[in-house]
Amino acid sequence: MRKIVFTGPESTGKTTLVEHLGKHLQMPVVKEVARDYIHGLDRPYQYEDLLNIAMLQMSEEERIRAMHGGLLICDTDLLTIKIWADDKFHTCEQWLSHAFLDRSADVYFLCKPDFPWAPDPQREDPNRREHLYHVFREHLIQYKKRFIELGGTVEARMAEVLHVLSENTIKTF
């Protein structure tokens, strides 16, 4: 599977970049399913909800791949859910860790927390973005995943993404 993922802590421009890239390449994108899932709850989310979100995220990837068949452009993936489970609930199911490894991206774009915090009812902690950025980075290093760090403006980040994709001529993903 050819797959790229935008990842990192909250409020770092992931969704904006995914939307821009999808429009630029005229391709569908895999949205972060957690937003709709959590929005639909009438209670605070629980650990089991993260497992449901993981299953839904995988299903959404498969749905978009079946429709399009080409490059998957993902606004997050199982790495985020794994880190979220570890950080929030201090546990993570083994199957989730294995699924992350089995479904990893060809390249991750790790978004730096140098954007101003944008309040959102689902965002939890503007003060831990730097810490969580390093957690994401360490996971990518630990699991030997190819990643590119993105910082600066949306325009600068998009230019870097397009440069990386053109250097790899998308076909090699």
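Above: the structure in question.
Residues numbered from 1 in each chain as written. Predicted model: local features only at pLDDT ≥ 70, side-chain atom pairs only at ≥ 80, totals over all residues. Heavy atoms only, no water.

Undergrad: In this structure, what is going on with the pattern of salt bridges? I would like to understand it.
TA: Charged atoms that come close allow side chains of opposite charge to pair. Enumeration according to the criterion identifies 12 salt bridges in this entry. Across the pair arginine 35 and glutamate 32 runs a salt bridge whose closest N-O atoms are separated by 3.9 Å. In this structure, the salt-bridge partner of lysine 88 is glutamate 124, at a minimum N-O distance of 3.2 Å. Of this pair, lysine 88 sits in helix 4 (residues 78–89) while glutamate 124 sits in the loop between strand 3 (107–111) and helix 6 (129–142), placing them 36 residues apart in sequence. (Salt bridge = Lys/Arg side-chain N within 4 Å of Asp/Glu carboxyl O. Helix = DSSP H or I, 4+ residues; strand = E, 2+ residues; numbered from the N terminus.)

Undergrad: Looking at this model, I keep getting lost on helix 7 (residues 154–167). Mind explaining?
TA: The terminal C-alpha atoms of helix 7 lie 20 Å apart, and with 14 residues this matches the ideal 20 Å at 1.5 Å per residue to within 8%. All of the buried residues in helix 7 are Val154, Arg157, Met158, Val161, Val164 and Leu165. Within helix 7, the buried residues cover an arc of 125° as seen down the axis, which keeps them to one side. More than 90 degrees from the buried face of helix 7, the exposed residues found are Glu155 and Glu167. (Expected span 1.5 Å × (residues − 1). Buried < 20%, exposed > 50% of the residue type's maximum accessible area, 1.4 Å probe, protein only. Arc of directions from axis to C-beta.)

Undergrad: Got a minute to help me understand the pairing of strand 2 (residues 72–75) in this structure?
TA: The side chains of a regular strand alternate, first on one face of the sheet and then on the other. Side chains of strand 2 alternate between two faces, with Leu72 and Cys74 and Ile73 and Asp75 buried alike. Alignment of strand 1 (residues 3–7) against strand 2, held across four bridges, turns out to be parallel. Paired with valine 5 across the strands is cysteine 74, a residue of strand 2. (Pairing = 2+ DSSP bridges.)

Undergrad: Just to check I follow, could you spell out the nonpolar core for this structure?
TA: A general tendency of soluble globular proteins is for nonpolar side chains to be buried together. Membership of the largest hydrophobic core comes to 33 residues, with the highest contact counts inside it found for Leu50, Ile53, Leu78, Ile81, Trp84 and Tyr108. Elements that contribute at least two residues to this core include exactly helix 2 (34–39), helix 3 (47–68), strand 2, helix 4, helix 5 (94–102), strand 3 and helix 6. The element best represented in this core is helix 3, accounting for seven residues. The residues contacting isoleucine 81, other than those within four sequence positions of it, are Leu50, Ile53, Ala54, Gln57 and Leu96. Core analysis: the next-biggest nonpolar cluster, separate from the first, contains 20 residues, Leu71, Cys111, Ile148 and Val164 among them. (Core = buried A, V, L, I, M, F, W, Y, C linked by side-chain atoms within 4.5 Å. Contact = heavy atoms within 4.5 Å.)

Undergrad: How do you make sense of helix 1 (residues 14–25) when you look at a structure like this?
TA: Every α-helix carries 3.6 residues per turn, so stepping three or four residues along brings you back to the same face. Across its 12 residues, helix 1 extends 16 Å between first and last C-alpha, which sits within 8% of the 16 Å expected from 1.5 Å per residue. Those residues of helix 1 that sit buried are Lys14, Leu17, Val18, Leu21 and Gly22. Here the buried residues of helix 1 occupy an arc of 130° about the axis, which is enough to place them on one side. Positioned one or two residues after helix 1, glutamine 26 has a phi angle of 55°, which is positive.

Undergrad: Whenever I open this one, the sheet that holds strand 2 confuses me. Can you help?
TA: Pairing between the strands of a sheet comes from backbone hydrogen bonds, and it takes one of two forms, parallel or antiparallel. Within the open sheet, the four strands sit side by side as 2-1-3-4. Their pairing is parallel. In the strand order of this sheet, the two ends are held by strand 2 and strand 4 (147–150), each with one partner. Adjacent strand axes in the sheet meet at a mean angle of 20° when their direction is disregarded. Set on the sheet, helix 3 makes contact with strand 1 and strand 2; between it and strand 2 the angle comes to about 150°. (Axes fitted to C-alpha atoms, helices over the stretch in contact; angles between N-to-C directions.)

Undergrad: Just checking my understanding: could you explain the packing of aromatic side chains for this structure?
TA: Any pair of aromatic rings gets described here by the distance separating the centres and the angle formed by the planes. Summed over the entire model, instances satisfying the criterion amount to six aromatic pairs. Ring centres of phenylalanine 100 and tyrosine 108 lie 6.4 Å apart, and the angle between their planes is 55°; on these two criteria the pair is classed as tilted. Among the residues examined, tyrosine 108 registers a relative accessible area of 0% and is labelled buried. Lysine 145 extends its terminal NZ or CZ atom over the ring of phenylalanine 100, reaching a point 5.9 Å from the ring centre. Sitting over the face of the ring of phenylalanine 115, arginine 157 holds its NZ or CZ atom 4.1 Å from the ring centroid. (Phe/Tyr/Trp six-rings, centres within 6.5 Å; stacked < 30°, edge-to-face > 60°. Lys NZ or Arg CZ within 6 Å of the ring centre and 35° of its normal.)

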